[in-house]
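Residues per chain, in single letters:
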Amino acid sequence: MVLAAGIGLSLANPETGGNALKPVSAFSEITDESERSAAIFTEAGKVIQHPRCLNCHPAGNRPTQGEDRHPHIPLVLRGAGGFGEVGMQCPTCHQRANVDLAGVPGHPLWHLAPIEMAWQGKSLGEICVQIKDPERNGGMSLEDLIHHMSEDSLVGWGWNPGKGRSPAPGTQEQFGALIKAWVETGAACPDL
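Description of the structure in this document. Residue indices follow the written sequence of each chain, beginning from 1 at its first position. Note on the predicted model: pLDDT of at least 70 is required for a residue's local features to be given, and 80 or more for side-chain atom pairs to be given and counted; whole-chain, interface and lining totals, by contrast, use all residues. With hydrogens and water set aside, each side-chain value is computed from the structure's full complement of heavy atoms.

### Observations concerning the packing of helix H2 (residues 33-48) against helix H8 (residues 172-184)
Inference 1: Every angle, taken between N-to-C directions, lies between 0 and 180 degrees, and every axis is a line fitted to C-alpha atoms, over only the stretch in contact when it is a helix. Under the scheme used here, helices are H or I runs from DSSP no shorter than 4 residues and strands are E runs no shorter than 2 residues, and both carry numbers assigned from the N terminus. Where H2 meets H8, the closest approach of the two axes is 9 Å, and the angle between their N-to-C directions is 155°. Judged by the angle between their axes, H2 and H8 are roughly antiparallel. Relative to H8, H2 is oriented so that their crossing is left-handed. Residues Glu33, Ser37, Ile40, Phe41, Glu43, Ala44, Val47 and Ile48 of H2 touch H8, and the partners they reach there are Phe175, Leu178, Ile179, Ala181, Trp182 and Glu184.
Inference 2: Split by residue class, the contact of H2 with H8 holds 10 nonpolar, 1 polar and 3 charged. We call two directions roughly parallel when the angle between them is under 35 degrees, roughly antiparallel when it is over 145, roughly perpendicular when it lies between 65 and 115, and oblique otherwise. Left-handed is the label given to a crossing in which the near helix is rotated counterclockwise from the far helix by less than a right angle, and right-handed is the label when the rotation is clockwise. Residues are treated as being in contact if the distance between any of their heavy atoms lies within 4.5 Å. Following the grouping adopted for this structure description, the nonpolar residues are Ala, Val, Leu, Ile, Met, Phe, Trp, Tyr, Cys and Pro, the charged ones are Asp, Glu, Lys and Arg, and the polar ones are all others, Gly among them.

### Quick word on helix H6 (residues 142-151)
Inference 1: Along H6, the positions that sit buried rather than exposed are Leu145, Ile146 and Met149. Within H6, the buried residues cover an arc of 105° as seen down the axis, which keeps them to one side. The outward face of H6, more than 90 degrees from its buried face, is lined by the exposed residues Glu143 and Glu151.
Inference 2: Buried residues along H6 sit against helix H5 (124-132), helix H7 (153-156) and H8. Burial classes: relative accessible area under 20% of the type maximum marks a residue as buried, over 50% as exposed, and values in between as partly exposed (1.4 Å probe, protein chains only). To be clear, the arc concerns the directions from the helix axis to the C-beta atoms.

The structure is reproduced here in structure tokens:
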């Protein structure tokens, strides 16, 4: 282990980004269901507010990148459906999978979340209210939201971001379990 640390290798668990998520059972002692629900969402917020998610949920028409969420280089804009403007569409550079040698992340459906789903610059409570609103979450019901968060492969990319990027905390399975428990306890939101 000392040798690995000495040559700069990360010893963090690549599946959790070195940051575990509390299991749903960790909230069982909170007797008030609304408080338990908000606490569960706050835990899920460790993923929602992580750069892997926020970079693709920008407040404007330009994605961000990196741990510091700096503006995407080269300059690209949202374009139709979040896939970029003509001539600079996401698949031009972002291939079907990560290209670690070039440092370019990839996925077959690489694109920005719709502007209605912008999270950057919002508190976790504001994001929570937004996530529950079908007019601002892509028309999803709470059941659809559970499926999206726990099974969607583009969401899942956050735990497999490629070389040089920290994955979202926990695993997609753990995150999905938190979202499901949040919905089942009334989908309460933390304070705005």
